[in-house]
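Structural overview
These are the residues of each chain, in order.
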Amino acid sequence: MITKTLQFQTKQSRINFTIMIYLMSKIYKNLLTKKSCTTRELYYGDTILFKHSNIVRKTLIDICCLLGAKSWELGITLTSSGLVAGNLKIYMSNGKILDCSATTEGIQIPQDILEIDNFESKAKYILIIEKNASFQKIINEGLLKKNKCTFVMITGKGFPDINTRLFVKQLSCKLNIPILVLVDANPFGIEIMCIYRFGSNSMVHQNEMLCVPSIKWLGVHPTDIESLNLPSIALTNLDQNRLKSLLKRSYINSNHKLLQQVLLLHHLNRKSEIESLTTFTQTYLTEVYIKEKVLTQEFI
């Protein structure tokens, strides 16, 4: 059972309660009129009350927990910053077809994921890339052109929003092809991989609808820091705290290979980024690293 405690003797708690009631009134109106609105529209509805758009997101999570409902079931349209490219066509319920191969920088993941009717793809893998910069570099280096029927690529531009995660979930259900994740070899990169695979700690009530446990970690692995002698820097205090949090999670401790990677990162006290692979050659990531990982099936 999930509860939310409000202490009315404090000013901030009274403000939090006001925000919650305000948002619930908007949700009630959505349900009555069968209309929807975005979190951005909610924020701009009263910027003085909210102060920051993150307050809307956090309060909506509380409301979803209290009501036992998903945000999209409450008439809240999910906004997406994620991009997709590669061998994929998206068929929308309004008849529109989005061709993800007809782009040089990726197309935005549809805002209304629930309006997707179907997908068509000849790809062998879906590759999720942590950062937009790496996503664009891989496209520019021709990975999709040289391997036309191999990859669909997705980026959530860092920590993925709900829409991007729901999109990945739908792809996993309808295409039934392996999904791989490429992230930095640091605690926050591992965290991002875990969000796609196991779900978010802050949104436990929605994890079943959003996580894809079959996802595999392609790299960059902490073992790569040693085996490839990658450039690295020391972990910060923030990194160490996130690492401690990861080591407390049951899904990490129950997966021996995953646990070994996290423990090695802790032992090394070093971290490395996807960009460090350019130490060898500018195109090492696309021409060597990704291809070798796929060929050897060195996934975790």
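Refer to the structure printed above.
To keep things clear, this report deals only with the structure shown in the data block.

The rules behind the values
Residues numbered from 1 in each chain as written. Predicted model: local features only at pLDDT ≥ 70, side-chain atom pairs only at ≥ 80, totals over all residues. Heavy atoms only, no water. Helix = DSSP H or I, 4+ residues; strand = E, 2+ residues; numbered from the N terminus. Rg over C-alpha atoms; globule rule 2.2 N^0.38 Å. Buried < 20%, exposed > 50% of the residue type's maximum accessible area, 1.4 Å probe, protein only. Areas by Shrake-Rupley, 256 points an atom, 1.4 Å probe, with all protein chains shown as cover. Lys, Arg positive; Asp, Glu negative; His and termini not counted. Charge placed at Lys NZ, Arg CZ, Asp CG, Glu CD. Phe/Tyr/Trp six-rings, centres within 6.5 Å; stacked < 30°, edge-to-face > 60°.

What follows covers the overall build of the protein chain. Counting secondary structure elements, the protein chain contains 14 helices and 13 strands. Computed over C-alpha atoms, the radius of gyration of the protein chain comes to 21 Å, within 12% of the 19 Å expected from 2.2 N^0.38 for 300 residues, which places it in the range of a compact globule. Once the C-alpha set of the protein chain is aligned to its principal axes, its extents read approximately 60 × 50 × 35 Å. When the 300 residues of the protein chain are sorted by exposure, 51% land in the buried category. Looking at the protein chain as shown, the accessible area adds up to about 15,100 Å², and 53% of this sits on carbon and sulfur atoms. Of the charged side chains in the protein chain, 36 are positive and 24 negative; the average position of the first set lies 5 Å away from that of the second.

Turning to the packing of aromatic side chains, a few remarks are in order. Taken as a whole and assessed by the stated rule, the structure comprises seven aromatic pairs. Measuring from ring centre to ring centre gives 5.6 Å for Tyr-22 and Phe-50, while their planes differ by 70°; the resulting arrangement is edge-to-face. Of this pair, Tyr-22 sits in helix 1 (residues 11–33) while Phe-50 sits in helix 3 (residues 47–50), and the two are 28 residues apart along the sequence. Across this residue pair, the class does not change: Tyr-22 and Phe-50 are buried. Look at Phe-119 and Phe-167: their rings are 5.7 Å apart centre to centre, the planes differ by 75°, and that puts the pair in the edge-to-face class. Here Phe-119, found in strand 7 (residues 116–120), pairs with Phe-167, found in helix 7 (residues 162–175); they are 48 residues apart in sequence, far enough to count as distant. The residues Phe-119 and Phe-167 share a single accessibility class, namely buried. The rings of Tyr-125, Phe-151 and Phe-299 are connected pair by pair, giving a single aromatic cluster.

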